[in-house]
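Each chain, letter by letter, is given below.
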Amino acid sequence: MTTTNSKSISSTKNQDSKILQFIQEVQALTLRLFLQLLRRPSTLVAGILQPLIWLVLFGALFENAPTDFLPGGIGYGRFLGAGIIVFTAFSGALNAGLPLMFDREFGFLNRLLVAPLQTRSSILFSAVIYIATISVLQSLAIMGAAFLLGYGWPNFLGFILVLLTLLILIFGVTSLSLGLAFALPGHIELIAVIFVVNLPLLFASTALVPISFMPAWLGWLASINPLTFAIEPIRAAYCGSLDLGSVLVHAPYGDITGYGCLFLLTVLSIGLFFIIRPLLNRKLI
Amino acid sequence: MPLVELRDLEKSYGAVKALRKLTLEIPQGSLFGLLGPNGSGKSTTLRILCTLLEPDSGEVTFAGQNVLLNSREVRRNIGYVAQEIAIDKILTGRELLQLHGDMYHLQRKYRDGRIKELIALLDMSEWIDRRSGSYSGGMRRRLDLATGLLHEPELLVLDEPTVGLDIESRSKIWSLLKTLRKEGKTILLSSHYLEEIDELSDKMAIIDSGRVIAQGSPEELKNKLGDNKVTLKVREFSTKSEGEKVKDLIKDLNGVHDLVINYSQGCSLNFFVDDSESLKLLRSKLDVEGIDIFSLSESRPSLDDVYLHATGQTLMDAELEVASKRDLKKEAKEAMK
């Protein structure tokens, strides 16, 4: 064992800058997630196919439905696209805690917990980068498919808006999921929560129908549902001229503009992050 | 100053008390062995030291620093090799080492140099670039050791490093630990294998039900019992009552001390004698009572005797007893919290 020079090189042994340390650990953790994905691409393939199936099936299901309940007289397929994009990103982020839970159950997480990480939020940031990348790939696939189905394509600013909205949503939901992965006793419980939360949040949002079409109580739910705040700006990006200043959600408690949606979504996401942070750090800081 | 000091540690998992006022000092440069049956609190002790668990009460210091208050600094200086072999099967061994190096913020050049050294040291070059899911238990263990050593910690902590390993892997790990010991590394090793502790450690402590019941060097502990250990059998397998009857007969004999019944070895009597005079007395006493001697052997005491005399049962009996009481699933759940 060559330990003879260990003391003399101690100055070059460790990365000194705290920011570089942080970047180094996030980079390494993210790389691990992508290596897993590259070597097990089936999850990516399924992740891209599934929303396409949703889009085609749901679009076909409502193709002949009267369209006068949709705002601006757009076709159902065009209306649905934004809902599918957001729902796909949401599901992906909601599942982000599962790999972490398995790491916990298999003891791999302990390797990270005994390491001198600058912050355990690095685990969260790497998951957000990973999920966001996959969501962008999925969204591109959905947008491409929507285009081929004749549902249109957002302009450049609209496209940026889609990415930004998704990123905000993913940050909040990934935080929530990782928090649950730390707090719940095991993967069975985590899957149960994901199962219970996932579809109801879809149905209680404006992904499939506008608020005006819902009974009053469901309208209330939809207008406090963060998915709605993500769906509506993206939908607006799909409807010609993009104006975030205009009212996008006619909530029972008042009208919400595009900016209002993004603001509420941001507040909810950052709020979630701060709520789960103590869970990440629960095992000593 | 000792490198590690554990003082009055207490830890409970629900109603189960894992540690009861455990106190221990680990001197710099020693290979310190923690011996105890499964469930005696070894892993809990190590997990607390490595900042994975918080004790309910008590103090832990590492190089004079409070571990609970300076956990990040302490983590940087400890290499922890856990009992459960946790690897990401889809990564190669080299990728796992690189990930580890980055978690410890090693400079890339230094990190890759260390990985090279360790691959050579632990003889891993043939398979290090294969996915770790295909590794055998011994290979995984070696990789685990490499991760523990990668950042050249001041203290290497090994929780049962050779459990379930084949003989070849075991002897490889032993010889590595001996090399490290020669280099003056401080190593804390837990094991329920007597011979492992005996062979490797220069200081040791015996843990039983969350307490330290004896400590010193293996030699000291054995010598404390005296030179002449005697194992007496009046039959190949005596009953409990027969064993107790013989015990009563000889317990007050002059020069006989530390007398216990070894229930796991056919209720034989284990004790120490001052000199051969005592044995003569014993023979004539048994003769008078009409009891034949099946075998009477003298030997140097082993660590098992140390354990037997400290706790009243052999390590193996203690293992079996604990194994029957233990709820491993529940413990795993608790440990995850």
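Residues numbered from 1 in each chain as written. Chains lettered and ligands numbered in written order. Predicted model: local features only at pLDDT ≥ 70, side-chain atom pairs only at ≥ 80, totals over all residues. Heavy atoms only, no water.

## Digging into the sheet that holds strand β4 (residues 57-62) of chain B
Residue and element names in this part refer to chain B. Applied cut-off: In this scheme, strands are said to pair when DSSP sees at least two bridges between them. Helix and strand labels come from DSSP, where a helix needs a run of H or I of at least four residues and a strand needs a run of E of at least two; each type is numbered from the N terminus.
Taken in spatial order, the 4 strands line up as β2-β1-β4-β5 in an open sheet, and their pairing is antiparallel. The open sheet has two edge strands, β2 (16-26) and β5 (65-66), and neither has a second partner. As paired elements, strand β1 (residues 4-13) and β4 share 5 bridges and run antiparallel to each other. Its bridge partner being in β4, E10 is matched across the sheet by S57.

## Concerning the packing of helix α4 (residues 76-94) of chain A against helix α9 (residues 187-203) of chain A
Residues and elements named next belong to chain A. Our working definition: Axes here refer to lines fitted to C-alpha atoms; in helices the fit is confined to the stretch in contact. Angles between the N-to-C directions go from 0 to 180 degrees. For classification, angles of less than 35 degrees are called roughly parallel, those exceeding 145 degrees roughly antiparallel, those between 65 and 115 degrees roughly perpendicular, and all remaining angles oblique. For a crossing to be left-handed, the near helix must be turned anticlockwise from the far one by less than a right angle; the clockwise case is right-handed. In this analysis, two residues are considered to be in contact whenever any of their non-hydrogen atoms come within 4.5 Å of each other. When residues are grouped by polarity, Ala, Val, Leu, Ile, Met, Phe, Trp, Tyr, Cys and Pro land in nonpolar, Asp, Glu, Lys and Arg in charged, and all others, Gly among them, in polar.
Contact pair α4 / α9: the axes reach a minimum separation of 11 Å and the direction vectors enclose 165°. Regarding the angle of α4 to α9, the classification is roughly antiparallel. Considering only the axes of α4 and α9, their crossing is right-handed. Every residue of α9 that contacts α4 at F87, F90, S91 and L94 is listed here: I194, V197, N198, L199, L201 and L202. When the residues that make up the contact of α4 with α9 are grouped by side-chain class, the tally is 8 nonpolar, 2 polar and no charged.

## Overview of the pattern of salt bridges
Using the following cut-off: In what follows, salt bridge is the name for a side-chain nitrogen of Lys or Arg lying within 4 Å of a carboxyl oxygen of Asp or Glu.
The final tally for this structure, using the stated rule, is 27 salt bridges over all chains. Where salt bridges share partners, they join B:D198, B:E219, B:K222 and B:R300 into one cluster.

## Considerations on the interface of chain B and chain A
We count it as follows: By buried area we mean how much accessible surface two parts lose on assembly, using a 1.4 Å probe and totalling the loss over both. The definition of a polar contact used here is a pair of N or O atoms within 3.5 Å, where within protein one atom must be able to donate a hydrogen and the other to accept one, and adjacent residues in sequence count solely through side-chain atom pairs.
On the chain A side, the residues contacting the 48 residues of chain B number 41 residues. Buried surface at the junction of chain B and chain A, both sides included, amounts to about 4,300 Å², of which 53% is carbon and sulfur. Counting across the chain B and chain A interface gives 3 salt bridges. For B:D144, the salt bridge is made with A:R111, and the minimal N-O distance between the two is 2.4 Å. At the junction of chain B with chain A, the criterion picks out 18 residue pairs in polar contact (both at pLDDT 80 or more). Put simply, the parts of the chain that give the side of chain B that touches chain A at least two residues each are α2 (71-76), α3 (93-103), α4 (108-121), α5 (137-149) and α13 (328-336) of chain B. For the side of chain B that touches chain A, the element with the highest residue contribution is α3(B), accounting for 7 residues. Split by residue class, the side of chain B that touches chain A holds 20 nonpolar, 9 polar and 19 charged.

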